[in-house]
Amino acid sequence: MIDVTMILGSFEFKITTAAFQSLERRHDQNKAVLKRIGRTSATQHLGTNAGTIKMNGTVLPHWNGGWGQMDRLRAMANSGDAHELIDGFGQSWGRWEIASVVETGSEYFNGAPLKIDFGVTLQEYGGDDGSGLDILAAGLAIASRLF
């Protein structure tokens, strides 16, 4: 795994396939705001929203990896499956779904791009481990007791 920067499921991001040059990882907090008369609003922490990762990079299909790299990523996205994300050090970042794949071809020669700039957005898969409060399930449980 020397030249691998990240692995998503079976797809390896590396120099010889789709090398990303930037990675942005984001985890926003979910806060409820209670407006109060004559006082500053109060906030309550409800938990962490699902994280997102944005990777941007370049594929040189004529050099290595071929023109099918973006097709593979789109096929993975179309499956709707969550994939384990592992960095170049072998550390697991958990399970992630592909939210979008964007590509821009340039430097065309004989109808084919010599350079493809790409963007991949991943959304963290929350899992189904049963931890935390499921508001819909709690609401349904309360409603069933009322009727």
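Everything below is about the structure printed above this text.
Quick caveat, the model's predicted, so the values are computed rather than measured.

Quick notes on the overall build of the protein chain
Okay, step 1: Helices and strands together make up the secondary structure of the protein chain, namely two helices and nine strands.
Okay, step 2: The order of helices and strands in the protein chain, counted from the N terminus, is β-β-β-β-β-β-α-β-β-β-α.
Okay, step 3: Every one of the 147 residues in the protein chain was classed for burial, and the buried ones make up 25%.
Okay, step 4: Across the protein chain, contacts joining residues at least 24 apart in sequence account for 59% of those joining residues at least 6 apart.

Thoughts on the nonpolar core
Okay, step 1: Residues L8, F13, M70, L73, I98, F118 and L122 are the most contacted members of the largest nonpolar core, which totals 20 residues.
Okay, step 2: The set of elements that each furnish at least two residues to this core consists of strand 1 (4-8), strand 2 (11-14), strand 6 (52-59), helix 1 (69-79), strand 8 (92-109) and strand 9 (112-124).
Okay, step 3: Here the element with the most residues in this core is strand 9; it accounts for four residues.
Okay, step 4: Each residue touching L73, except ones within four places of it in the same chain, is listed here: F11, F13, I98, V101 and V120.

Focus on the sheet that holds strand 2
Backbone hydrogen bonds are what pair the strands of a sheet, in a parallel or an antiparallel way.
Okay, step 1: Spatially, the seven strands line up as an open sheet ordered 2-1-7-8-9-6-3, and their pairing is antiparallel. The sheet is open, and its two borders are formed by strand 2 and strand 3 (19-26), each paired with just one other strand. Neighbour-to-neighbour, the strand axes of this sheet turn through a mean angle of 25°, independent of strand direction.
Okay, step 2: Looking at chain direction, strand 1 and strand 7 (residues 83-87) are connected through three bridges and run antiparallel. If you follow I7 over to strand 7, its bridge partner there is I86.
Okay, step 3: This element, helix 1, spans strand 1, strand 2, strand 6, strand 7, strand 8 and strand 9 of the sheet and lies at about 140° to strand 8.

Some details on the side chain of K14
Okay, step 1: Its place among the elements puts K14 in strand 2.
Okay, step 2: K14 gets classed as buried once you look at its relative accessible area, which sits at 17%.
Okay, step 3: Of note is the side chain of K14, whose polar atom sits 2.9 Å from the side chain of E12.
Okay, step 4: If we skip the residues at most four places from it in the chain, K14 touches D3, V4, T5 and A19.

Concerning the packing of aromatic side chains
Okay, step 1: Summed over the entire model, instances satisfying the criterion amount to three aromatic pairs.
Okay, step 2: When the ring of F11 is compared with that of F13, the centres are 4.9 Å apart and the planes differ by 70°; the resulting orientation is edge-to-face. Accessibility classification places F11 together with F13 in one group, the buried group.
Okay, step 3: Ring geometry for F13 and F20: centres 5.9 Å apart, planes at 75°, overall edge-to-face. One exposure class covers both F13 and F20, and it is buried.
Okay, step 4: What links up through ring pairs into an aromatic cluster is the set F11, F13, F20 and F118.
Okay, step 5: Here R25 stacks its cationic end above the ring of W93, 4.5 Å away from the centre of that ring.

How each quantity is defined
- Residues numbered from 1 in each chain as written.
- Predicted model: local features only at pLDDT ≥ 70, side-chain atom pairs only at ≥ 80, totals over all residues.
- Heavy atoms only, no water.
- Helix = DSSP H or I, 4+ residues; strand = E, 2+ residues; numbered from the N terminus.
- Buried < 20%, exposed > 50% of the residue type's maximum accessible area, 1.4 Å probe, protein only.
- Contact = heavy atoms within 4.5 Å.
- Core = buried A, V, L, I, M, F, W, Y, C linked by side-chain atoms within 4.5 Å.
- Pairing = 2+ DSSP bridges.
- Axes fitted to C-alpha atoms, helices over the stretch in contact; angles between N-to-C directions.
- Polar contact = N/O pair within 3.5 Å; in protein donor to acceptor, adjacent residues only side chain to side chain.
- Phe/Tyr/Trp six-rings, centres within 6.5 Å; stacked < 30°, edge-to-face > 60°.
- Lys NZ or Arg CZ within 6 Å of the ring centre and 35° of its normal.

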